[in-house]
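What the coordinates show
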Amino acid sequence: MTAAVALRRLARPRRAWFVAAVLGAGLLAWPLLRGRDTLPLGGAELAGAHRFLNGAFEAVDASRNSNPVFLYGFNYLRLLLDTSTTFVQGLISQPAYGRPAPVLGWLGVTALATAVAWLAGNLRVALLACLGFVSFGLLGLWTEAMDTLALTLTAVFYSLLAGIPIGVAAGLRERVHRAITPVLDFMQTMPTFVYLAPLTLVFLIGPASATIATMIYAVPPVIRLTAHGIREIRPAALESGISLGATPAQLLTKVRLPLALPMIVVGINQTLMAALAMVTVAALIDAPGLGESVLQALESLDVGTAAAAGLAIVIMAVVLDRTTTAASVRRPRRRPWWLVTAVLAAAGIGAYLSFIYVWASTFPQAANFGPYVRRAVDAADAWLLDSAGGVTDLVRDRMTAWLLNPFQTLLTDAPWWWIATVAVAVALFGLGVRAAVLVGAGVAGLLVLGLWQDSMVTLAATVVATALTALVGVVAGVWMGRSSRADGTIRPVLDAAQTLPPFVYLVPVVGLFGATRFTGILAAVIFAIPVTTKLVAEGIRGVRASAVEASGAAGATAWQTIIKVQLPLARASVTLAVGQGLIYVLSMVVVGGLVGAGALGYQVVAGFSQHELRGKGLAAGLAIVVLGIVLDRIMRAAASRAGAQRA
Amino acid sequence: MRTRVLALSGVILLSLSGCGGAKVGEQGGGGGGGVSAGGKACGTVNLAVNPWVGYEASAAVVAEVAEKRLGCKVEKKNLKEEVSWQGFATGEVDAVIENWGHPDLKKKYIEQQKVAVSAGSTGNKGIIGWYVPPWMARKYPDIRDWKNLNKYASLFETSESDGKGQLLDGDPSFVTNDEALVKNLKLNYKVVYAGSEAALITEFRKAEKDKTPLIGYFYEPQWFMSEVKLVKVNLPPYKEGCDADPEKVACDYPPYDLDKIVSKRFADSGSPAYTLIKNFKWTNDDQNLVAKYITQDKLKPEEAAAKWIAANEAKVKAWLP
Amino acid sequence: MLDVDGLWKVFGPRAAAQVGTELSSAELKRRTGCVAAVRDVSFTVAPGEVFVVMGLSGSGKSTLVRCLTRLIEPTAGTVRLDGEDLGTASPARLRELRRHRMAMVFQQFGLLPHRSVLDNVAFGLEIRGTARAERHDHARQVIELVGLSGFEESLPEQLSGGMQQRVGLARALAVDPEVMLFDEPFSALDPLIRREMQNEVIRLHRVVGKTMVFITHDLNEALRLGDRILLMRDGAAVQLGTPDEVVGAPADDHVRDFVADVPREQVLTLRWIMRPAGPSDALDGPSLPPETVIRDAVHTVLSADRPVRVESDGSLLGVVTAAEVLETIA
């Protein structure tokens, strides 16, 4: 406590000086200590914690048939989820109810989707939905796309069923909010690979496991944003309700929920996107659909086929994203009833035709343009490999030698206690006692998990990837924020980069850059740039026009306006953007492991694949969570401190 | 306006139903048409499909025979190996058609839990080892002996290998002793994990195309071998028990007799499909051929299987109950 | 009608222990970390009265009005509505009182953006459980009363600020309360609209005759609307009186500064400037009652060539000459 007070009294320049001194002393000591106590662990070796976790897995395994929680609770849950998914599949994707085709064929689904998009959004979105759904058929992936849609919709339905009430509770009660936040962080940073295999033990192989795996990753956004929406309601609206004598229940249903609805819809949007991001991973436990096509194509390095399926996923994501985004905007005017009736009738006719007639049920084989897409992608891939080889090698080797290797060596070759001391001291002098405790706990966690050196390799890659993401994201984001034409051009590319399953571009990227750590970083940067860029652009656009005008009136150049006005004023958004970029980079650690980044990501994948390594895989997953939570909290603390100083 | 719209939609409905064409379910059962009288005896077979093409080739052939000749209904489940084995315990998987060793899983599910049994060899021989692209074997013939590897270490240096030679390991599904081997054979190499089979194959394909040096962990049967015939480097030969202690191993990987594993329940059910799976046996060349149909001729697995079955009637006959 | 007695609201740790404190705000904050938003305020609002609470921002007036309907829980003191203690009312009873007897109009309007004007106005009735047709019927009447006919189906965001506050006003009126509480309702509006809305309140007060408690930081608004004015500073009541009492006899220097710029001739009555008739005064000039606002008397006084007599019920209270009037106006 006294230390905290003393620290708070330190003047700011003094504080910076302390941090610099700690870092300087640490760097001076580094050559002397190099190579000691680095805690390496070979690929097949296990630490104590890993054996312990293996034992824990065995114990759960053994009790599966006797534990009442498994026998009753989980079994009914599984039954419910299996039945729901199969039901939706029967509606749109799989033969059911004694018919050789699903209840609704392509025409019916397309017509319904278009009508829903129009009702929830507008004509533009409806057109997009119509084209999007038809394109699934044109790509020759209608059934696969509908399987994916069925699974996604089921998972999202149950995510909302569980997530919105929890979000409301968290929005109303600060204590609930504080209790669930770390759980949500955990759910979002824990790599899916870690819990995929255990899930199939509990929920068996089938739709239930896939749905639950998807839900674990997809439910946090809707909870967070519902809570946010509930908490951010203007007090005047609430007070007016209370002052008119509304009961708590009336307040919730008539004031809070309607007012939070736009934010809840944003949450639904993000949950949908997250669920789609799980399509490929869920395919690892037999989830049907586009993910399965991607994975199977990957087995034989069939880039074209994987790309066609990936394209369908991107299209589905864009359609769902634009529709829900349009739905979150409040519309002033209601539509005339006869128009609504006509549209619904048209959709109904489409559905009816697709129920009855083959031509409206099964997408015509003659209109399958999938092979052309595949061949075009293959040709583009081959051309890229032929023409870009030398340049990519150069880029990779320079980046690795000048940026990644020195930084990684600094972390991996140092004694663990040296890193711990420097990190805790920097946190203490730079950010205060609480940050120091957090860093200390993080170090302790990594030590207990027995993957210190792997954690340091991943940490180095994560920091480098985040820095690159921030650099590109800020540049592109400023550009987008200043020019709506740039926004219009870049945004679709970002959407694609964000929703295209990494498995699709894994092969071309490895072809270009080899199975290296740099390739892992590149995959992470590709995935993280969109969110960072969008948030920066959002922040730049949010800067008051008057400030920009004043700057222009004072004779500032565009560059000066950006550096001295727009970026500083958008600082909060930029910080948030980089923080989110970091989280996204961390969520790609596992994919990095698939393309040669090694370290924690590889351990997670190996744990998923090899029985003896599953304890180690879980430990690696936990280490990723530890890194994520510590880095995220530190960044937030640094941002709020910087904000406090400026104010 | 509104009446016009309603009238218009009515007209559309009428005209569409008038010229509707074929109705769903009219043309003789469609997809579910194959179920014959024999189906009752066989029932459903849950076949795990592990994620590599060779496995898929075997699974496709077995499934095709089971469906067309025995009238079974085959449910293919795309699963990784460990999850497949879990399926024996939960009753969701009846058979794994190509198993690479996995003594730990055998111990757990066959010996301890007694939910699975072996159904004998597939006839495929699994080989694991270190391979180089063919151009290297031609240019440096003596590289095929491990004793010369240190001589060439500098060739294999990459951004990942800390100044040593890079030994590229692959799919995390495979057990590897490579770190111990490098240490115990005193090789100046560093093991780098490509992380996935796709990454490994991409690297080998590039190495052969661009004539760049590469040495890595690989295995046969593998469809890629029919595209680029990688050359195996000879490590100190395997002797029974030389790999007992994973820390001290200094010999080549053992040859694997790839086998089939089925659930105990399935084995006891007397299903004709079980007999088929038990009898199923073919050669590495057979599998590579079907794998080639799938990967290079871009046939669907069932088409590839049908093509091979048509040409190998005698072999198929021998499997039938 | 509404009795407030010894009301305290203290925010901060161990708030109850600070009730009765004599410390200044700054001192209280430094020593205990508490803020006393309302300090020992007492007053009684008569039926049909427009009672204005006036003070600068941070003076505690918004907290005070929220204490009246327990949107904020008072720390000490009582609030009685027709003799019933609100402080001890059960949640259900409190809801009952809010539904039927008190209604509030807010500075930020507090409209529900997803509902039409009609449904916003009917909101209080809906909460009470009034059937849909009936509440819409009633809401339409109130909408007409506040002059918003034709906008029933609009959404709030399509209306101007002044119109939005008319909706807020209508919503409060719709439940037909006995007491209407206004929390700085017109602060967010521009001056022209504000004036128009003040006239609207005056007109409505004449039509419906509700008891009103009106919070404002605008002195002119207070003087225009208030039957009586309670002046607050730092949470405490500084002065309670009619508009001309506040302007004519400020309780302290602070209030004096505050009212210094008020056009006194528009607020003060002859009572405030008359002087006792002296021997030299001719007492045959025109006669005016003492409640006459100076502005209205200017013409009479200046055009008369002798002092104007201020008379009530035939008895002479004093006289006013051009000198007194000019002194006030200058």
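Please read these numbers as outputs of a predicted model, since none were measured by experiment.

Cut-offs applied
- Position labels on residues start from 1 in each chain and follow its written sequence.
- Chains and ligands are labelled sequentially in the order written, the chains with letters from A and the ligands with numbers from 1.
- Two thresholds apply to this predicted model, a pLDDT of at least 70 for residue-level local features and 80 or more for giving and counting side-chain atom pairs, whereas whole-chain, interface and lining totals are computed over all residues.
- Note that the side-chain values use all heavy atoms of the structure and ignore hydrogens as well as water.
- It only takes one pair of heavy atoms within 4.5 Å for two residues to be counted as in contact.
- Throughout, the accessible surface (probe 1.4 Å) given up by two parts as they are put together, summed over both, is called the buried area.
- For salt bridges, the criterion is a side-chain nitrogen of Lys or Arg within 4 Å of an Asp or Glu carboxyl oxygen.
- Here, the term nonpolar core denotes a set of buried Ala, Val, Leu, Ile, Met, Phe, Trp, Tyr and Cys residues that are joined through side-chain atoms within 4.5 Å.
- Summary of the burial criterion: residues with accessible area below 20% of their type's maximum are buried, those above 50% are exposed, and those between are partly exposed, where the area comes from a 1.4 Å probe applied to protein chains only.
- In DSSP terms, a helix is any run of H or I states spanning at least four residues, a strand is any run of E spanning at least two, and both are numbered starting from the N terminus.
- Boundary definitions for the domains trace back to an automatic or database domain assignment.
- Only rings of Phe, Tyr and Trp enter the pairing, Trp through its six-membered ring, and a pair is recorded when the two centres are within 6.5 Å. The plane angle decides the type: under 30 degrees is stacked, over 60 is edge-to-face, the rest tilted.
- Any Lys NZ or Arg CZ found within 6 Å of a ring centre and within 35 degrees of that ring's normal is scored as a charge over the ring.
- Axis definition: a line fitted to C-alpha atoms, limited for helices to the stretch in contact. Angles are taken between N-to-C directions and run from 0 to 180 degrees.
- Angle categories are assigned with fixed cut-offs, so that under 35 degrees is roughly parallel, over 145 is roughly antiparallel, 65 to 115 is roughly perpendicular, and the rest are oblique.
- We call a crossing left-handed when the near helix sits turned anticlockwise from the far one by less than a right angle, and right-handed when that turn is clockwise.
- Polar here means any residue outside two lists: the nonpolar Ala, Val, Leu, Ile, Met, Phe, Trp, Tyr, Cys and Pro, and the charged Asp, Glu, Lys and Arg; Gly therefore counts as polar.
- Pairs of N or O atoms are called polar contacts if they sit within 3.5 Å, as long as, within protein, a hydrogen donor faces a hydrogen acceptor (for residues adjacent in sequence, only side-chain-to-side-chain pairs).
- Disulfides are defined as pairs of cysteine sulfur atoms found within 2.5 Å of each other.
- Expected span of a helix, by definition, is 1.5 Å for each gap between consecutive residues, and there is one gap fewer than residues.

1. Some details on the interface of chain A and chain C
Taken together, the contacts link 22 residues of chain A with 24 residues of chain C. Of all residues in chain A, Ser243, Leu244 and Lys254 of chain A give up the largest surface area on contact with chain C, accounting jointly for 30% of the area buried on that side. The tally of links between chain A and chain C comes to two salt bridges. Salt-bridge contacts for glutamate 239 of chain A lead to arginine 66 of chain C; the nearest nitrogen and oxygen are separated by 2.5 Å.

2. Some remarks on the nonpolar core
General note: in soluble globular proteins, nonpolar side chains tend to be found buried as a group. Core analysis: the largest hydrophobic core is formed by 241 residues, its most contacted members being Val61, Trp130 and Tyr189 of chain B. The biggest single contributor to this core is helix H15 (residues 303-328) of chain A, with 12 residues. Mapped onto the domain boundaries, this core takes at least three residues apiece from domain 1 (14-125 + 258-319) and domain 2 (127-248) of chain B. Setting aside residues no more than four positions away along its own chain, tyrosine 189 of chain B makes contact with Leu149, Asn150, Tyr152, Ala153, Phe156, Lys164, Gly165, Gln166, Leu167, Val182 and Ile215 of chain B. Counting 70 residues, the second largest nonpolar core, distinct from the first, contains Phe123, Leu159, Met197 and Ala297 of chain C.

3. Thoughts on the packing of aromatic side chains
What describes a pair of aromatic rings is the distance from one ring centre to the other and the angle between the planes of the rings. Overall, the coordinates contain 32 aromatic pairs over all chains when judged by the stated rule. Arranged with centres 5.3 Å apart and planes meeting at 65°, the rings of phenylalanine 133 of chain A and phenylalanine 136 of chain A form a pair that is edge-to-face. Of this pair, phenylalanine 133 of chain A and phenylalanine 136 of chain A both sit in helix H6 (residues 123-138), separated by three residues, roughly a single helical turn. Overall, the relative accessible area of 6% leaves phenylalanine 133 of chain A in the buried class. Aromatic side chains tryptophan 52 of chain B and tyrosine 55 of chain B sit 5.6 Å apart centroid to centroid with 90° between the ring planes, which places their arrangement in the edge-to-face category. When sorted by exposure, tryptophan 52 of chain B lands in the same class as tyrosine 55 of chain B, which is buried. When the ring centre of tyrosine 372 of chain A is taken as origin, the NZ or CZ atom of arginine 375 of chain A, which lies over that ring, is 5.7 Å away. Stacked on the ring of tyrosine 293 of chain B, the Lys or Arg lysine 307 of chain B has its end atom at 4.2 Å from the ring centre.

4. Some remarks on the packing of helix H3 (residues 53-70) of chain B against helix H10 (residues 272-279) of chain B
To characterise two packed helices, one gives the angle between the axes of the helices and the distance between these axes. Residues and elements named next belong to chain B. Where H3 meets H10, the closest approach of the two axes is 11 Å, and the angle between their N-to-C directions is 140°. By the angle between their directions, the pair H3 and H10 is classed as oblique. Here the hand of the crossing between H3 and H10 comes out right-handed. In this structure, H3 contributes Val62, Val65, Ala66 and Leu70 to the contact, and H10 contributes Pro272, Ala273, Leu276 and Ile277. Of the residues contributing to the contact of H3 with H10, the split by class is eight nonpolar, no polar and no charged.

5. Thoughts on the interface of chain A and chain B
At the junction of the two partners, chain A supplies 70 residues and chain B supplies 66 residues. A per-residue breakdown of the area chain A buries against chain B is headed by Ile205, Glu299 and Trp338 of chain A, which together make up 13% of the total. Linking chain A with chain B are three salt bridges, by the criterion used here. The salt bridge partner of arginine 614 of chain A is glutamate 82 of chain B, with a shortest N-O separation of 3.5 Å. Across the contact surface, chain A and chain B share 11 residue pairs in polar contact (both at pLDDT 80 or more). When residues of the side of chain A that touches chain B are assigned to their parent elements, the largest contribution, nine residues, is made by helix H16 (residues 337-356) of chain A. Tallied by class, residues from the side of chain A that touches chain B come to 35 nonpolar, 19 polar and 16 charged.

6. Considerations on the domain arrangement of chain B
Residues and elements named next belong to chain B. Here the domain parsing of chain B yields domain 1 (14-125 + 258-319) and domain 2 (127-248). Put simply, the middle of domain 1 and the middle of domain 2, counted by C-alpha atoms, are 33 Å apart. Domain 1 puts 14 residues into the contact, and the matching count from domain 2 is 13 residues. In total, about 1100 Å² of surface goes out of reach between domain 1 and domain 2, with carbon and sulfur atoms giving 59% of it. Of all residues in domain 1, Trp100, Asn288 and Gln296 bury the most surface against domain 2, accounting for 41% of the area lost on that side.

7. Concerning the state of the cysteines
Working definition: the covalent bond between the sulfur atoms of two cysteines is a disulfide. Summed over the entire model, instances satisfying the criterion amount to one disulfide over all chains. Note on cysteine connectivity: cysteine 242 of chain B is disulfide-linked to cysteine 251 of chain B, with sulfurs 1.9 Å apart. With the S-S bond torsion at 85°, the cross-link from cysteine 242 of chain B to cysteine 251 of chain B turns out right-handed. With no disulfide of its own, cysteine 67 of chain C lies closest to cysteine 34 of chain C among cysteine sulfurs, the gap being 15 Å. On the basis of relative accessibility, which here comes to 0%, the residue cysteine 67 of chain C falls in the buried class.

8. Focus on unusual backbone geometry
Most peptide bonds take the trans configuration, and most residues that are not glycine carry a negative phi. A cis amide bond links glutamate 220 of chain B with the next residue in sequence, proline 221 of chain B, at an omega value of 0°. Among the structural elements, proline 221 of chain B can be located in the loop between strand E7 (215-220) and strand E8 (231-233). In this model, lysine 114 of chain B sits at a positive phi of 55°, which is unusual for a non-glycine residue. Locating lysine 114 of chain B in the fold gives a position in the loop between helix H5 (103-112) and strand E4 (116-132). For lysine 114 of chain B, a relative accessible area of 55% translates into the label exposed. The phi torsion at arginine 70 of chain C lies on the positive side, around 60°, for a residue other than glycine. Structurally, arginine 70 of chain C is set in the loop between helix H2 (61-68) and strand E4 (76-81). The exposure class assigned to arginine 70 of chain C is buried, which follows from its relative accessible area of 15%.

9. As for helix H22 (residues 484-499) of chain A
Residue and element names in this part refer to chain A. For H22, built from 16 residues, the straight-helix expectation of 22 Å at 1.5 Å per residue is met to within 8% by its first-to-last C-alpha distance of 22 Å. Along H22, the residues that are buried comprise Ala486, Asp487, Ile490, Leu494, Asp495, Ala497 and Thr499. The opening residue of H22 is serine 483, an N-cap whose side-chain oxygen sits 3.3 Å from the backbone nitrogen of arginine 485.

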